[in-house]
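So the chains spell out like this:
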Amino acid sequence: MRKLTSLAKPVDMSKGFTDFFDTIGLTGGGLVTKGVAAVIAVIAVRMLLQLSGDPKGALRKGSMAIGTLFVAVVLALYGDTLFGTVTDAKG
């Protein structure tokens with residue numbers, strides 16, 4: 001007889017989005033930060049794909065695109081820490 005193995009424990013999701021964000025480890029602000037980082041990353045990749053044939057201009061535009069991509073990665077990794085003081089400020 002086969003024994004069924006449970007891969008994940010059951011999670012109570014009765015509170016909706018609050019429980020969902022708790023399970024993935026994000027708050028609403030953290031999710032917005034990841035979304036902004038994703039949009040900036042798409043813009044940086046688009047900048048890389050639109051490089052010109054002129055070597056000097058391509059070097060300048062390419063370095064700007066790499067810098068933009070770096071900002072997107074830093075924002076994705078450390079965005080909630082960077083903006084944590086902004087959202088937790090008390091009036």
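Owing to the predicted nature of the structure, the values given are computational and were not obtained by experimental measurement.

**Brief notes about the overall build of the protein**
Move 1: Counting its secondary structure elements, the protein contains four helices and zero strands.
Move 2: When the helices and strands of the protein are placed in sequence order, the string is α-α-α-α.
Move 3: The buried share of the protein, taken over its 91 residues, is 16%.
Move 4: Sequence separation of 24 or more characterises 47% of the internal contacts of the protein that already satisfy a separation of 6 or more.
Move 5: For the protein, the exposed area adds up to about 7600 Å²; of that, 69% sits on carbon and sulfur atoms.

**Focus on the environment of valine 73**
Move 1: Mapped onto the fold, valine 73 is located in helix H3 (residues 55-82).
Move 2: Measuring from C-alpha to C-alpha, the distance between valine 73 and lysine 34 comes to 9.6 Å, with 39 residues separating the pair along the chain.

**Structural notes on the confidence of the model for the protein**
Move 1: Scored by pLDDT, the protein comes out at a mean of 78, with 73% of its residues at no less than 70.
Move 2: Least confident of the elements in the protein is helix H4 (residues 84-87), whose mean pLDDT is 60; most confident is H3, at 86.

Calculation rules
- Residues numbered from 1 in each chain as written.
- Predicted model: local features only at pLDDT ≥ 70, side-chain atom pairs only at ≥ 80, totals over all residues.
- Heavy atoms only, no water.
- Helix = DSSP H or I, 4+ residues; strand = E, 2+ residues; numbered from the N terminus.
- Buried < 20%, exposed > 50% of the residue type's maximum accessible area, 1.4 Å probe, protein only.
- Contact = heavy atoms within 4.5 Å.
- Areas by Shrake-Rupley, 256 points an atom, 1.4 Å probe, with all protein chains shown as cover.
- pLDDT = per-residue confidence, 0-100.

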